[in-house]
Amino acid sequence: MRLPIASGLATGAVAIALYPLFQGGDWFWASLGAILTVAGIGTAAGYYALPGWLVPPVQVLGLWVYLTAAFTADEAWGRLVPTTDSMLRLAELLTTGFADIQRFAAPVPDSTGIVLLTCGGVGVIAITVDLLAARLHRAALAGLPLLALFTVPAAVIAEPIGWPAFISGAAGYLGLLVADGRERVSHWGRAVLVRRMSATATARPAASDTGPLRLSGKRIGFTAVALAVLLPALLPTLEPDPFFSFGVGNGRGGGNSVSIPNPIVNLRGQLSLPENTTVLTYRASDGNSRYLRMYSLDVFDGEQWTMSEPKGRPEDRTSEAPMPPPPGQSPSLEVTSATLDVTVSDQVRRLSFLPLPYPATRVTAEGDWRPDRDTLMVFSTRDTAEGLTYRVVTGEPRTAVERLRAAGPPSEAIAERYLALPENLPGEIRQLATRVTERGAGAYEQAIQLQRFFTDDGGFTYDLSTQGHDGPALTNFLIRNRTGYCEQFAASMAVLARVLGIPSRVAIGYTGGGNASGAWQVGTHDSHAWPELYFEGTGWLRFEPTPAGGAGQGSATVPDYTRQQAAPAASSEPSAAPSATSSGPEASGGASANRRDRTLDRDLGGVVTPLDEGVPIAGKIGIGIAVALLVALIPALIRWQLRARRSRLYSRPAPSAGDGDHGAGPGDRPGGGAPERGLPSENAAAGATAGTAGTAGTAGTAGTAVKERVTTGGARREPAVVAAWAELDDALCDYGMSREPSESPRSLARRLARQYAFDPEAAAALARIAAAVERMLYARSGGEIGTLREDLPRVRRALAATVSRGRRIRAVLLPPSTLLRMRALGGRVLDGFDLLENIRLRRPARKGV
């Protein structure tokens, strides 16, 4: 019955990885309740021996009751039993949760619908894991639903999952495998004992010894997790070269860089840098995130989108006047104001355009920054935004659907500039625009239908491995493969809008980013392109044709005013590609693409400046080698520290045995202070292990006697002698010399001096050490012992002279005595898993009638 508990713990450990997706912690406690419900039912089923096929339906029923009690208790009978009203309320909350997930970017708020959706999903995962591990006894396959849960944050957010969450999930899965392994090993058989027993004796079979197998499995699992965490940190990351293009560029991108384009260029998609480099952070007065636009591309020549040269008047400097009024916006239009405090990273250099929400009504920034009156782009020919902190006041129009539907035709100037299309635009594209929208519908309705065509009805797939959107590529994207990334989606919708007579342009900048402690953080993974469409009286409005979420651009959001229900187009437009929301293998660019896209291109025809990533690849390799060497030297450092500590003890004169040196108190040490702790036990442990391994001998009579004598209440304790004997024992272990278990200190000294032909001084030093140990152990009054400061180093040098150079190097770099201690310590740490494995629930035996 340990498997249901292990399954619940594994699910909970993996669920911790979801924390970056939420702003609060309500989701975790609700999910924990679902896991406890499922695990409790599974454990009770084993206790009462329910059939395996019956357990999952009971768990589903229990999860349903738990969700009813937790979220719709007011509609339930007795606040627990589901009713029709509670079922309808749960369905309503689930619908709201799905809508909120599409609306918000991670981290999402802990709304009731989102928490219910998360809790139910984690509960279903817990039931699946319990079914595979505890009912079907396929614990390894239980890793598949756990992996599905673990990859949710990897598919939604751009940042990598933190190593604590990885360790937690890996430990949970390993614990499940260990529990399953122990369950299997325990059924391998029982030892048969043949004994003569009385008639009333009861024979109890001896359990099979699974300890060595469990310990080996734990060591393998622990080592695998440690390597999975440490190795990636030591290996350098490589940036892949971009293999698709958008617009024009000089083709001379640098390495790890943030590209700073000049004003008259296009954005070109590229694979993201290995790290999500922070571009800027901002705080909004209303707490909401906003798209931040830098460039507005208004010219499409059939091959690419480009930008007209911006013009900034001296009298329009942001330091001297507010921003010009937004083009096309009626003075009577109600707006919502908000203030943003933006700080650009000092790693972004030569950025001459400010990322701003649209439309901005006031910009307060140090330097000569000027807006372009037609597009409200703010740029400077003298200053850059590197490390700049500025304030933006935005006046966002309150977009009423009725006003948008009643919008009149655009002005002549707007139509001339933002409806221009090349004469050689393929007829297929013109026909497509009319085919996917309703004939006779208004501009607003057609814009909604275009957006829906890209996100829902057209069968588009988000994928990075595609070419740019010049003439042939645009046709391929819209007519044939329908696979692309944000640049293709934005450019294509803008072209189709112009075909329908809706003024359009392409904006390039950043999505709103992610919220960290109240501040929104925008990184290179948040770079984005989107179309802006013009409606007379309201002005320019953002649309979002790029799929959002795990199957698209994770931080993209759909504006509220585009969620209005529009009449579907009277068209039977076939799907040329699988739906963007499909989960099959054909959606190759979904989850993985979301983590790699949305960085500014390095080949934009502008100035490419290297980003200070800290250390180049060669440096990272060097650091990795240095760290590996430091890790390898840990045993040597521990051995050196232990030898130094012992040396301070045996270098001092030890008091005579008759000076009242009894007990184990502070007075045991010459000159006061606390005696050295742990040396005798360390000596015994190391010696015993070494003797088993065939290197140093076991901690025999002498070592055991030292340990027993110095730990009993009335024994004498000379720290100098104990330290010297422990150091001699470790030296024998390090040099691979044996010590017989029954050898006394004096016998050991005589044998070593004779076997290794010690010189007279070394033999005498070893004899003095042995005599000091024996006097401490056996003599009633041993007299003055004296200092052992010169004796032990002399003996150590004599021992080293008898072994090979390789053995001496190993004794210094990888001392066996320290490795044996580390091995023993690791075994004790790994045995902590037995706390879970030893949980047993037994049914009370029924008394016979």
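Cut-offs applied
Residues numbered from 1 in each chain as written. Predicted model: local features only at pLDDT ≥ 70, side-chain atom pairs only at ≥ 80, totals over all residues. Heavy atoms only, no water. Core = buried A, V, L, I, M, F, W, Y, C linked by side-chain atoms within 4.5 Å. Buried < 20%, exposed > 50% of the residue type's maximum accessible area, 1.4 Å probe, protein only. Helix = DSSP H or I, 4+ residues; strand = E, 2+ residues; numbered from the N terminus. Contact = heavy atoms within 4.5 Å. Expected span 1.5 Å × (residues − 1). Polar contact = N/O pair within 3.5 Å; in protein donor to acceptor, adjacent residues only side chain to side chain. Salt bridge = Lys/Arg side-chain N within 4 Å of Asp/Glu carboxyl O. Axes fitted to C-alpha atoms, helices over the stretch in contact; angles between N-to-C directions. Parallel < 35°, antiparallel > 145°, perpendicular 65-115°, else oblique. Left-handed = near helix turned anticlockwise from the far one by under 90°. Nonpolar A, V, L, I, M, F, W, Y, C, P; charged D, E, K, R; others polar. Phe/Tyr/Trp six-rings, centres within 6.5 Å; stacked < 30°, edge-to-face > 60°. Lys NZ or Arg CZ within 6 Å of the ring centre and 35° of its normal.

Asker: I would appreciate a short explanation of the nonpolar core in the present structure.
Answerer: L354, Y390, F454, L478 and F543 are the most contacted members of the largest nonpolar core, which has 78 residues in total. In terms of residue count, the dominant contributor to this core is helix α14 (residues 486–499) (nine residues). Among residues more than four places away in sequence, those in contact with Y390 are L340, D341, V342, V344, L354, P355, L356, T364 and A365. Ranked by size, the runner-up nonpolar core spans 41 residues in total, among them L93, I125, A139 and L176.

Asker: Sorry if this is basic, but what is going on with helix α2 (residues 26–47) here?
Answerer: Along an α-helix, a turn takes 3.6 residues, which lines up residues three or four apart on a common side. With 22 residues, α2 extends 32 Å between its outermost C-alpha atoms, agreeing within 8% with the 32 Å of an ideal straight helix rising 1.5 Å per residue. Of the positions making up α2, those classed as buried are W27, A30, S31, G33, A34, I35, V38, A39, G42, T43 and A45. On its buried face, α2 is in contact with α1 (2–15), α3 (55–71) and α5 (112–135). Positive phi shows up at A49, right after α2, with a value of about 55°.

Asker: Sorry if this is basic, but what is going on with the side chain of E532 here?
Answerer: Looking at the secondary structure, you find E532 in strand β16 (residues 527–535). A polar side-chain atom of E532 sits 3.4 Å from a polar atom in the side chain of R293. Looking at E532, its side chain comes within polar contact range of the side chain of R505, at 2.7 Å.

Asker: Help me understand the pattern of salt bridges, please; the structure alone is not making it clear to me.
Answerer: Side-chain pairing between opposite charges can occur once the charged atoms of the two side chains come close. Applying the stated rule across the entire model yields 29 salt bridges. Here R135 and D130 are joined by a salt bridge, their closest N and O atoms 3.0 Å apart. Here R135 falls in the buried class, since its relative accessible area comes to 18%. Of the charged contacts in the structure, one is a salt bridge between R417 and D298, with a shortest N-O distance of 2.7 Å. Placement of R417 in helix α10 (residues 412–418) and of D298 in the loop between β3 (292–297) and β4 (299–300) is noted, with a sequence separation of 119 residues between them. Overall, D298 belongs to the buried group, its relative accessible area being 2%. A cluster of three or more residues bridged by salt bridges with shared partners is formed by R639, R643, R646, E727, D730, D734, R796 and R821.

Asker: Any chance you could explain unusual backbone geometry here in plain terms?
Answerer: For the bond running from Y358 to P359, omega is -5°, close enough to zero to count as cis. Positive phi values are uncommon outside glycine, yet R79 reaches one of about 60°. Structurally, R79 can be placed in the loop between α3 and α4 (84–103). Phi at A757 takes a positive value of approximately 50°, unusual for a residue other than glycine. With a relative accessible area of 62%, A757 lands in the exposed category.

Asker: Help me understand the packing of helix α22 (residues 760–778) against helix α23 (residues 791–800), please; the structure alone is not making it clear to me.
Answerer: Geometry of a packed helix pair, given as the angle between the helix axes and the separation of the axes. Where α22 meets α23, the closest approach of the two axes is 8 Å, and the angle between their N-to-C directions is 125°. Comparing the axis directions of α22 and α23 gives the class oblique. Judged by the twist between their axes, the crossing of α22 over α23 is left-handed. Contact residues: α22 offers E761, A762, A765, L766, R768 and I769, while α23 offers D791, L792, R794, V795 and A798. The residue inventory of the contact of α22 with α23, partitioned by class, reads seven nonpolar, no polar and four charged.

Asker: Looking at this structure, I do not really get the packing of aromatic side chains. What am I missing?
Answerer: Aromatic ring pairs are reported here in terms of the distance separating the ring centres and the angle at which the planes meet. Going through the model one piece at a time under the given rule, you end up with 21 aromatic pairs. Measuring from centroid to centroid gives 5.2 Å for F28 and W29, while their planes differ by 75°, and the two rings are edge-to-face. A relative accessible area of 58% places W29 in the exposed class. Here the aromatic residues F453, F454, F460, F477 and F489 are joined through ring pairs into a cluster of three or more. Above the face of the W540 ring, R505 is positioned so that its terminal group lies 4.0 Å from the ring centre.

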